[in-house]
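Coordinate analysis (summary)
Each chain, written out:
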Amino acid sequence: MTAIRSRAWTGAALTLLSVGLSACGGTSKPLGGTDAAAKVYVAPGQYDELYAFLSGGFSGNVVVYGLPSGRLLQQIPVFSQYPEKGYGYSEETKAMLNTSWGFLPWDDAHHPQLSITNGTADGRWLFINGNNTPRIARLDLTRFETEEIIEIPNAAGGHGSPYITENSEYAVSGTRFAVPTPQEDMSVKDGKFGGVLSFVKIDPKSGRMSLAFQVHVPGFDYDLARSGKGPSRDWSFWTSYNSEQAKTLLEANASQKDKDYIAAVNRKVAEQCVAQGKTKEWKTPYAHNTVGEDGIARSEMLTSEKILEAADCPGMIYFLPTPKSPHGVDVDPTGEFIVGGGKLATVIPVHSFSKMLKAIEAKAFEGEVDGIPVLKYDQVIAGEVQNPGLGPLHTEFDGKGFAYTSVFITSEIVKFSLKDFTVVDRIPTYYSIGHLMIPGGDTEHPYGKYVVALNKITKDRYLPTGPELTQSAQLYDITGDKMKLLLDFPTTGEPHYAQALPASVIKDKQLKTYILTESKDPNVTKSEKEVKVVRQGAKVHAYMTAIRSHFVPDIIEGIQVGDSVFFHVTNLEQDWDVPHGFAMLGARNAELLIMPGQTRTLVWVPQRAGVYPFYCTDFCSALHQEMQGYIRVSVKGSSVPLAWNGGAGTIK
Ligand code: CUA
């Protein structure tokens, strides 16, 4: 769900909600009861059972919560500048936000995906897509930091992304908007648009991403994706809407046909075609940003993509007709069932992977689109879930034979059996659920126990806060036959989608400090004796240290108006959880947050002569407030010599 489309639906949703509210007499009764309170209570000093990674939606971040408490643990900046951590402001992190369009300080983060081994979260990395300017980021789960971002060329709206294959071989990424492929100037009304489905290879050791190939597809809107599991492990699936290929008023024009498609792509066949040289080359620029061993992010600009056409690679791609503008596509833990979220359909269609293979074998095609065979619906469908509610979107699984589908317009979670596709339970959500998440519920071995509703609207659930109300998630117990609401918890940014894993998988692997003696940072200062200030023309480099509770140097003179002053601050601490901060009056960027053993750099261009303070922004000791210093700024061309205290400095 995108924010835009959810707003388009708000009118209909609110009408239904108001009916729902009057029917249940408002929300004054606590729905969960005291039993629920006990189930989510994590006593002070105790740890949560699970880490949950919620996308921050249009905040561009990933936000980490503990479950079942819903306590906020960390905010990880990914696609947006984030002053709390200096991310996107410090010289070491700026390159993470580079793209072929230049430095982009924002994106819309949608679908977190944990790395998996044998179909189960292994706790190594978290991937997440940027939806606006298509990108995939990789976060390291020992540091809870963004380590790599790759731009996806030839795509427009990286929504169906970055769904991971069974052993994290690839992250796959679709294009939401049909556009000229490759881009060129053409008439919107009459031009032929297309799309690409991208396969981004993940290095099994380092996690480094590289664009392997892109499959050129007709100009539908590709929405969401999942990669297969078990028997379907070689396949990835994308829903599409607007198979009408309308260019305007999609609200009506993209809903003309009874069915759109799920695209099924066999990556093994695609890999063979790539190896046989059946690709053509496009030359769209894209950026690849990585953090090096020295802790500094750098960008590489790449300009060559391997493109596969369906006609050149038979057996690579098929379309499964699916009613009606499907949204989510979700593969059950056995890899056999492919559940479409037919958001405008009256049923939830469930395709059978084994029937799909038979239909391909038997060439049971009803036609083709741009050379891509369309399978016969009745030859691939396993069943249709009747009475699923209005607007089914996404489905996750409990590993016990049940599926849970989020239903937007009627604002509920619907549980159905994968044996006979009958609905066995349903429970309201407050309100207008988009994605839902069962811990491990998209993997081969769901952890189960809970389902989290990721809601779009919180009207009347929390103390009001002006026109914009908080975003929110809800936690439900799914251990019994009937789902039970346990907890509402507010979230930062839109909680678009989420992933969770047992805390034990990563809790003990957390990096506590960067080892100072092993630092490969070219700007590191390993002791106070080594501090120095160096002028190179109009650039001044101050190699500084921070330790409880002082900076060295804490006086620098001889800076001139218009200089670029690079404060390279090394945190000398080697204790866990003792960061220092650094902030400079008049700096046109954020503070720095410097972890123990780490070096970070802030650039400041002084604009007026005078003496200006800097200080530590992170409350580090009882004498944190004393952790400050002065920079003397003279007019341009002044004869005041460069001087500082500490190291070989001349101010004593
Ligand atoms: Cu260092 Cu406060």
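This one's a predicted model, so the numbers in the text were calculated from it and none came from an experiment. (Residues numbered from 1 in each chain as written. Predicted model: local features only at pLDDT ≥ 70, side-chain atom pairs only at ≥ 80, totals over all residues. Heavy atoms only, no water.)

A closer look at the overall build of the protein
Note the cut-off: Helix numbering and strand numbering both begin at the N terminus, where a helix is a DSSP run of H or I of at least 4 residues and a strand a DSSP run of E of at least 2. Radius of gyration here is computed from C-alpha atoms only, and the compact-globule reference equals 2.2 Å multiplied by the residue count raised to the power 0.38. Burial classification: accessible surface area is computed with a 1.4 Å probe over protein chains only, and a residue below 20% of its type maximum counts as buried, one above 50% as exposed, and the rest as partly exposed. All accessible-area figures derive from a Shrake-Rupley calculation using a 1.4 Å probe, and residue coverage is judged against the displayed protein chains alone. Charged-residue counts in this description rest on Lys and Arg as positive and Asp and Glu as negative, His and the chain ends being excluded. For this purpose, a charge sits on NZ of Lys, CZ of Arg, CG of Asp or CD of Glu.
The helix and strand inventory of the protein stands at 6 helices and 47 strands. Here the C-alpha radius of gyration of the protein, 27 Å, is about what a compact globule of 652 residues would show, namely 26 Å. For the protein, the C-alpha atoms occupy an extent of roughly 85 × 65 × 40 Å along the three principal directions. The buried share of the protein, reckoned over its 652 residues, is 60%. Working note: accessible area of the protein is about 25500 Å², and carbon and sulfur atoms make up 55% of it. Treating the 62 positive side-chain charges of the protein as one cloud and the 71 negative ones as another, the clouds have centres 1 Å apart.

Focus: the nonpolar core
Note the threshold: As used in this record, nonpolar core signifies buried Ala, Val, Leu, Ile, Met, Phe, Trp, Tyr and Cys residues forming a set joined through side-chain atoms within 4.5 Å. Each domain span listed reflects an automatic or database assignment of domains.
In terms of nonpolar packing, the biggest core is built from 29 residues, with Leu197, Val215, Trp238, Met316, Ile317 and Phe319 touching the most fellow members. Among the elements of the structure, β11 (170-173), β12 (194-202), β13 (209-218), β14 (221-227), β16 (260-266), α4 (267-275), β21 (317-322) and β26 (372-375) are those that each provide at least two residues to this core. Per-element tally for this core: the top contributor is α4, with 4 residues. Both domains that meet at this core, namely domain 2 (78-219 + 279-312) and domain 3 (222-262 + 316-386), each give it at least three residues. Among the nonpolar cores identified, the runner-up in size contains 28 residues, and Met544, Phe582, Trp604 and Trp644 belong to it.

As for helix α5 (residues 353-361)
What counts here: The arc in question is formed by the directions pointing from the helix axis toward the C-beta atoms.
Along α5, the positions that sit buried rather than exposed are Phe353, Met356, Ala359 and Ile360. The arc enclosing the buried residues of α5, seen along the axis, measures out at 115°, which places them on a common side. Exposed positions of α5 whose direction lies more than 90 degrees from the buried face are Lys358 and Glu361. The positive-phi residue at the C-terminal boundary of α5 is Lys363, with phi of around 50°.

Regarding the sheet that holds β11
Filter applied, for reference: The pairing criterion is simple: DSSP has to find at least two bridges between the two strands.
If you walk across this open sheet you meet the 6 strands as β10-β11-β12-β13-β20-β17, and the pairing is mixed. Only two strands of the sheet have a single partner each, and these edge strands are β10 (163-164) and β17 (280-282). Strand direction decides the pairing type here: β13 and strand β20 (residues 305-309), joined by 3 bridges, are parallel. In the sheet register, Gln214 faces β20, and the bridge partner there is Ile307.

Thoughts on the pattern of salt bridges
In plain terms, the rule: Counted as salt bridges are all cases of a side-chain nitrogen of Lys or Arg within 4 Å of a carboxyl oxygen of Asp or Glu.
A complete count under the given rule lists 34 salt bridges for this structure. Of the charged contacts, one joins Lys94 and Glu91 as a salt bridge, the two residues approaching to 2.6 Å between their closest N and O atoms. Between Glu169 and Arg267 there is a salt bridge, and its shortest N-O distance comes to 3.7 Å. Note that Glu169 is positioned in the loop between β10 and β11 and Arg267 in helix α4, a separation of 98 residues in sequence. Using a relative accessible area of 21% as the deciding quantity, one classes Glu169 as partly exposed. Overlapping salt bridges bring together Arg138, Arg143, Glu145, Glu147 and Glu148 as one network.

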